[in-house]
Number of protein chains: 4
Amino acid sequence: MEKAISACWQRKFYQIRSNKGFELFVIGVIIFSALVIGVKTYSLPKTLLQVITIMDWMITLIFLIEIVIRFMGDPEKKRFFHNGWNLFDTLIVVVSLVPIENSDMALIGRLVRIFRVLRMVSIIPELRMLLNSLLKALPQLGYVMLMLFIIFYIYAAIGSTFFSRINPELWGDIALSLLTLFRVMTFEDWTDVMYETMSVYPLSWAFYISFIFFTAFAFLNMIIGIVVNVIEEEHQIEAKAEAKATGEPTLRDIQAELLSLKQLIKGADRP
Amino acid sequence: MEKAISACWQRKFYQIRSNKGFELFVIGVIIFSALVIGVKTYSLPKTLLQVITIMDWMITLIFLIEIVIRFMGDPEKKRFFHNGWNLFDTLIVVVSLVPIENSDMALIGRLVRIFRVLRMVSIIPELRMLLNSLLKALPQLGYVMLMLFIIFYIYAAIGSTFFSRINPELWGDIALSLLTLFRVMTFEDWTDVMYETMSVYPLSWAFYISFIFFTAFAFLNMIIGIVVNVIEEEHQIEAKAEAKATGEPTLRDIQAELLSLKQLIKGADRP
Amino acid sequence: MEKAISACWQRKFYQIRSNKGFELFVIGVIIFSALVIGVKTYSLPKTLLQVITIMDWMITLIFLIEIVIRFMGDPEKKRFFHNGWNLFDTLIVVVSLVPIENSDMALIGRLVRIFRVLRMVSIIPELRMLLNSLLKALPQLGYVMLMLFIIFYIYAAIGSTFFSRINPELWGDIALSLLTLFRVMTFEDWTDVMYETMSVYPLSWAFYISFIFFTAFAFLNMIIGIVVNVIEEEHQIEAKAEAKATGEPTLRDIQAELLSLKQLIKGADRP
Amino acid sequence: MEKAISACWQRKFYQIRSNKGFELFVIGVIIFSALVIGVKTYSLPKTLLQVITIMDWMITLIFLIEIVIRFMGDPEKKRFFHNGWNLFDTLIVVVSLVPIENSDMALIGRLVRIFRVLRMVSIIPELRMLLNSLLKALPQLGYVMLMLFIIFYIYAAIGSTFFSRINPELWGDIALSLLTLFRVMTFEDWTDVMYETMSVYPLSWAFYISFIFFTAFAFLNMIIGIVVNVIEEEHQIEAKAEAKATGEPTLRDIQAELLSLKQLIKGADRP
């Protein structure tokens, strides 16, 4: 009896959750919460700040209700938190609910409110798919990234060994050197860095030019790798889809037909 | 009777409008008007300025006559303004005709004269097609652009929350932060921005590096998406064109032929 | 009789010219002349300068002899100067021979000696082919380049209209504005340019952001256009080469065979 | 008898060498040695420095043992050093073993310890393959690189001829000019360089713009060349793999079958 009732409720919540209007309303609230975050960065009169605080609580409340509806509407409640996005949404709401007072925690509270904007990704399926495809592309890059890191590490070790006395702020230790090399890779005032070390080691231009050459080359290879991978995948998907969609016979079908024809002729011959 | 006359006139105007010489003349006038705009940015003697003002009116007059001819020559006058380019051309001429005196309006008048150069696009079909294909590629980018904006917005909110006291000119509010982040994305003196915040928050390099990583990755994905799309489209167009042009039989045709052959043999057998 | 002798000489010169060793010797001389040019940019003792001047004349002499041999060895002397590279080589030698004294001409003499390095391209066939393929790709870009120029021109006109009073060095006239916009397109200290105009027109960021967006978009389109074109071309060349090389029968061949089979069966039936 | 024993030992060493655990241990030691290098760039207390020195020797010892095992386990000892990576590994260990005292040699010792990180590439097969494919792509670029160098050389010669008096630090000789041009190519404060020379030669902007245009164009061509090459290669590999994997009959197979069918019919007719 109880089960039937809960199943009935579950269906009702599922209907609300699948409702297009409900989804649009939630997207609207997320956009509104993003605007509130934006407005808060301006210096505001006190009354408006109070209004915003109230709005903030209302947004949290709406998000809480939405999560509860989604949870109630889920046919398999145990699996609800297996989905990373559901976990993310719940975490954001729960942390928003915690009353925060001291300054350190207040910052975390602010950050959580900013991360609400990410709920945009969790609620729009197209963005979720886009992010998934982005994340899927990452492991392909694994070895190139490792190679790039090895190049960075070796150059940073050389840099902090030779140049740390010239400019400790740029080459003081290996962490600073890595940051400086990243700067050189983005071409950001890299000649200033170079001219400084060239005044002590006149041949240090070779260090920078070779570094730029290696990283540019590895980077280029990474991009080409991705492009080729994506194009190949598209080709395969397309080829399969085409074969299925058009119902075009394959060469194998033709061959089978020819064989049956042969048998027919042979059969016609014998008697 | 009247209709016949107007139809006769319409045909005459249509002939003028389709005339290659007429088109070249209008292109020439557009180039000349562009040159006049360029010359006006230099400090000129008074007499030359007067000459230019007269030329300006002549150009407006020629454009007015051209629009009238194009309108008269159009077989379906009601649809004339359905074409965005016709509307644009007419607007440019109409606003040029309005006598302007006070300084605010004078600026608009100047701007309109500059936008005349865009008539180049409206009159050369190849440029019009190029612009159309550019505009057509935009919606494909919709979701990646939205994703990119979400990334920008979150980082801008974080930036203006934490760094607004360090440098209000760069991080004062969310709009300034967005501009600063765009600057960081173009690698324009981004290390100056970073070193400034690193003096207060030593770990803030992670903010910049992760931002550069995310935007570069999303941007890369956008480019690859376009490349793949364009290549796929070209492939399909090409495949269709090839199939039609060569009259190459498909596998389906071969299969049909085999079936007819089978029937023939079966028919030959029975009697 | 005379003709026979000249033909005999022509063949001999042709042999020299086609000789691999002769070609390598000329390439060696070109590299040597490039080194001489490089050495001259350092401050040198007088004796070395005199040695270099003598070497210079020797290089010119060798180049003169080489051109004469190539001209003599050419079977169709009238067409010799129809080839752009032959003309270029001859011009370089002739101008090098002119004795130069006053300072203006001396500069031209120096320039001509520098352009000798370009003879590297004229003598190595692979480089000549590379340059040709580069030049062939240019007209494809024609309309995108025109579009890009229209965008540049409109923004430059707007820029010099509004910002010329703020910084005449950057926005004084349309030529300076075009240069400044090129600088903005390369992201070179573009925020300095922007912050300056934003102090007068706070909304002028839209001018820069939209300009960067449009040019980046047009540029991206240009690159994609080239990539797609090159890939398509390669495909066509490859497809043709494959079809020829493997002798693989086409579907049309199969169809023809089937038809002949049908006729055979029909023929077998009737009698 | 002796041979049998050595063969037995060889097999044992080969087993150790092929052991996954042994490989992981060596990778662990390499990562540890990289961390030690990183730690050394910070200013450390004396006791820790002594610990690091001991660790350093232990790492060298482990590497020495590893090389010996790999050498012993190799079935063909003569060919061991034909492999570039084995040579590299041995060199790194041997130089690490040399006791170094005076400052010049100490630097080399440090460098060798840094290059140990590169052993990561020699031990992980995927990285080795990646590097090989990178190196294989280089010769394809040969002629474009030569072309790029010729462009650089000509512009550097022109630059140091005309601008050396304006700023000897940037344009003093051809080597400095090459470095300055590389800087211009990376868009690093290139307008500062340009404005300086434009104050003497107002038309020198053409020098920079044309240089940027040529190098960007050559660079673009290089990238496109690589992309097209990689895609073509992938296509060929894929096409072959597909043909083999699916066992799909080719058109040639179909043709052969048709011929046999014809013969069958002809045979059936005659009697």
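Scoring rules and cut-offs
Residues numbered from 1 in each chain as written. Chains lettered and ligands numbered in written order. Predicted model: local features only at pLDDT ≥ 70, side-chain atom pairs only at ≥ 80, totals over all residues. Heavy atoms only, no water. Helix = DSSP H or I, 4+ residues; strand = E, 2+ residues; numbered from the N terminus. Buried < 20%, exposed > 50% of the residue type's maximum accessible area, 1.4 Å probe, protein only. Contact = heavy atoms within 4.5 Å. Least-squares fit on C-alpha atoms with pLDDT ≥ 70 in both. Buried area = accessible area lost by both parts, 1.4 Å probe. Salt bridge = Lys/Arg side-chain N within 4 Å of Asp/Glu carboxyl O. Polar contact = N/O pair within 3.5 Å; in protein donor to acceptor, adjacent residues only side chain to side chain. Axes fitted to C-alpha atoms, helices over the stretch in contact; angles between N-to-C directions. Parallel < 35°, antiparallel > 145°, perpendicular 65-115°, else oblique. Nonpolar A, V, L, I, M, F, W, Y, C, P; charged D, E, K, R; others polar. Phe/Tyr/Trp six-rings, centres within 6.5 Å; stacked < 30°, edge-to-face > 60°. Lys NZ or Arg CZ within 6 Å of the ring centre and 35° of its normal. Expected span 1.5 Å × (residues − 1). Arc of directions from axis to C-beta. Core = buried A, V, L, I, M, F, W, Y, C linked by side-chain atoms within 4.5 Å. Patch = residues over 30% accessible without salt bridge, like charges linked within 9 Å, V, L, I, M, F, W, Y side chains within 5 Å. Areas by Shrake-Rupley, 256 points an atom, 1.4 Å probe, with all protein chains shown as cover.

Caption draft 1: The arrangement of the overall build of chain A in detail. Of the regular secondary structure elements, chain A holds 13 helices and zero strands. Along chain A, helices and strands appear, N-terminal first, in the series α-α-α-α-α-α-α-α-α-α-α-α-α. Counting over 271 residues, chain A shows a buried share of 41%. Long-range pairs, those at least 24 residues apart, make up 61% of the contacts in chain A with a sequence separation of at least 6.

Caption draft 2: Just the relation of the copies chain A and chain B, in detail. You can overlay chain A on chain B at an RMSD of 0.4 Å; the transform is a turn of 91° with a shift of 0.0 Å along its axis. Considering both components of the superposition, the chain copies are consistent with a four-fold axis. Taken together, the interface assignments show that only 16% of the residues at the interface of chain A recur at the interface of chain B, consistent with different surfaces on the two copies.

Caption draft 3: Quick peek at the relation of the copies chain A and chain D. Overlaying chain A on chain D yields an RMSD of 0.3 Å, the required transformation being a rotation through 90° with an accompanying axial translation of 0.2 Å. Of the interface residues in chain A, just 19% have counterparts in chain D that sit at the interface too, so the contact is made through distinct surfaces.

Caption draft 4: Spotlight on the interface of chain A and chain B. The interface is formed by 55 residues belonging to chain A together with 49 residues belonging to chain B. Counting the surface lost from both chain A and chain B, the interface buries some 4700 Å², and carbon and sulfur atoms represent 76% of this. At the boundary of chain A and chain B, one finds zero salt bridges. The interface formed by chain A and chain B includes eight residue pairs in polar contact (both at pLDDT 80 or more). Counting only elements with at least two residues in the side of chain A that touches chain B, the list comes to helix 2 (20–40), helix 5 (103–115), helix 6 (119–123), helix 7 (125–140), helix 10 (174–185), helix 12 (205–246) and helix 13 (251–269) of chain A.

Caption draft 5: Spotlight on the packing of helix 10 of chain A against helix 11 (residues 190–198) of chain B. At a closest axis distance of 11 Å, the pairing of helix 10 of chain A and helix 11 of chain B adopts a crossing angle of 155°. Of the possible angle classes, the one that applies to helix 10 of chain A and helix 11 of chain B is roughly antiparallel. Each of A:Leu179, A:Phe182 and A:Arg183 in helix 10 of chain A lies in contact with helix 11 of chain B, whose residues at this interface are B:Trp190, B:Thr191, B:Met194, B:Tyr195 and B:Met198. In terms of residue class, the contact of helix 10 of chain A with helix 11 of chain B is made up of six nonpolar, one polar and one charged.

Caption draft 6: Region of interest: the environment of C:Thr60. All names here are of chain C. By the secondary structure assignment, threonine 60 is in helix 3 (residues 46–73). Spatially, the C-alpha atoms of threonine 60 and tryptophan 9 are 24 Å apart, while their sequence positions differ by 51 residues. Those residues in contact with threonine 60 that sit more than four places away from it in its chain are Val93, Ser96, Leu97, Arg113 and Arg116. Only 2.5 Å separates the side chain of threonine 60 from the side chain of arginine 116, close enough to count as a polar contact.

Caption draft 7: Examining the packing of aromatic side chains more closely. Applying the stated criterion across every chain, the model contains 76 aromatic pairs over all chains. A centroid spacing of 6.0 Å and a plane angle of 5° characterise the contact between C:Phe213 and C:Phe217, whose relative ring orientation is stacked. Here C:Phe213 and its partner C:Phe217 are both found in helix 12 (residues 205–246), four residues apart, which amounts to about one turn of the helix. Assessed through its relative accessible area of 12%, C:Phe217 is described here as buried. Relative to D:Phe81, the ring of D:Phe80 has its centre 5.1 Å away and its plane inclined at 85°; by these criteria the two rings are edge-to-face. Residue class for D:Phe80 comes out buried when judged on its relative accessible area of 1%. Exposure remark for D:Phe81: the relative accessible area of 37% places this residue in the partly exposed category. One aromatic cluster is present, formed by A:Phe152, A:Tyr155, A:Phe162, A:Phe163, A:Trp171, A:Tyr201, A:Phe207, A:Tyr208 and A:Phe211 through successive ring pairs. Stacked on the ring of A:Phe63, the Lys or Arg A:Arg119 has its end atom at 4.6 Å from the ring centre.

Caption draft 8: Expanded view of helix 3 (residues 46–73) of chain D. Look at helix 3 of chain D: 41 Å from first C-alpha to last across 28 residues, which is about the 40 Å you get at 1.5 Å a residue. Of the residues making up helix 3 of chain D, those classed as buried are D:Ile52, D:Asp56, D:Ile59, D:Thr60, D:Phe63, D:Glu66, D:Ile67, D:Ile69, D:Arg70 and D:Gly73.

Caption draft 9: Examining helix 4 (residues 84–97) of chain B more closely. Residues and elements named next belong to chain B. For helix 4, spanning 14 residues, the distance from its first C-alpha to its last is 20 Å, which sits close to the expected 20 Å at 1.5 Å a residue. Along helix 4, the residues classified as buried are Trp85, Asn86, Asp89, Thr90, Ile92, Val93 and Ser96. End-on, the buried residues of helix 4 take up no more than an arc of 155°, which puts them together on one face.

Caption draft 10: Structural detail: the side chain of C:Ser177. Residues and elements named next belong to chain C. Inspection of the secondary structure puts serine 177 in helix 10 (residues 174–185). A residue is classified by how much of its surface remains accessible, and serine 177, at 0% relative accessible area, is buried. Among residues more than four places away in sequence, those in contact with serine 177 are Ala156, Gly159, Ser160, Leu170 and Trp171.

Caption draft 11: Looking closely at the interface of chain A and chain D. With 48 residues of chain A at the interface, the matching set in chain D holds 54 residues. Between chain A and chain D the total buried area reaches about 4700 Å² when both faces are included, carbon and sulfur atoms providing 76% of it. Of all the secondary structure elements, the ones that give two or more residues to the side of chain A that touches chain D are helix 8 (142–163), helix 10, helix 11 (190–198), helix 12 and helix 13 of chain A. Here the side of chain A that touches chain D gets 13 residues from one element, more than from any other, and that element is helix 12 of chain A. For the side of chain A that touches chain D, a count of residues per class yields 32 nonpolar, nine polar and seven charged.

Caption draft 12: Structural detail: unusual backbone geometry. The phi dihedral of B:Asp189 is positive, around 50°, even though this residue is not glycine. Note that B:Asp189 resides in the loop between helix 10 (174–185) and helix 11. One non-glycine residue with positive phi stands out, namely D:Phe187, at about 60°. Residue placement: D:Phe187 occurs in the loop between helix 10 (174–185) and helix 11 (190–198).

Caption draft 13: Quick peek at the pattern of salt bridges. All names here are of chain A. Overall, the coordinates contain 32 salt bridges over all chains when judged by the stated rule. Note that arginine 70 is salt-bridged to glutamate 66, the shortest N-O span being 2.7 Å. Remark: glutamate 66 and arginine 70 occur in helix 3 (residues 46–73); sequence separation between them is four residues, near one turn of the helix. Residue arginine 70 is classed as buried on the basis of its relative accessible area, which comes to 12%. Residue classification places glutamate 66 among the buried positions, given a relative accessible area of 3%. Three or more residues joined by partner-sharing salt bridges are found here, namely Lys40, Asp56, Arg113 and Arg116.

Caption draft 14: Layout of the nonpolar core. Among the nonpolar cores identified, the biggest contains 242 residues, and A:Tyr208, B:Tyr208, C:Tyr208 and D:Tyr208 are the most heavily contacted of them. The residues touching D:Tyr208, leaving out its near neighbours within four places in the chain, are D:Phe163, D:Trp171, D:Val184, D:Trp190, D:Val193, D:Met194 and D:Thr197. Counting 16 residues, the second-largest nonpolar core is a separate cluster that includes B:Leu258, C:Ile254, C:Ile265 and D:Ile265.

Caption draft 15: Local environment of a nonpolar patch on the surface. Residue and element names in this part refer to chain B. Among the surface-exposed residues, Trp57, Leu61, Leu64, Ile65, Val68, Met72 and Leu97 lie close enough to one another that they form a single nonpolar patch of about 580 Å² accessible area. When residues in the nonpolar patch are grouped by element, the largest group, six residues, is from helix 3 (residues 46–73). Structurally, leucine 64 is set in helix 3. Residue class for leucine 64 comes out partly exposed when judged on its relative accessible area of 30%.

Caption draft 16: Region of the structure containing the side chain of B:Thr180. The topology assignment puts B:Thr180 in helix 10. When near neighbours in sequence (up to four residues on either side) are disregarded, B:Thr180 contacts B:Leu170, B:Trp171 and B:Val193.

Caption draft 17: A look at the environment of C:Asp56. Residue and element names in this part refer to chain C. Here aspartate 56 is to be found in helix 3. On the basis of relative accessible area, aspartate 56 is assigned to the buried category, the value being 7%. In contact with aspartate 56, not counting residues within four places along its chain, are Val36, Lys40, Arg113 and Arg116.

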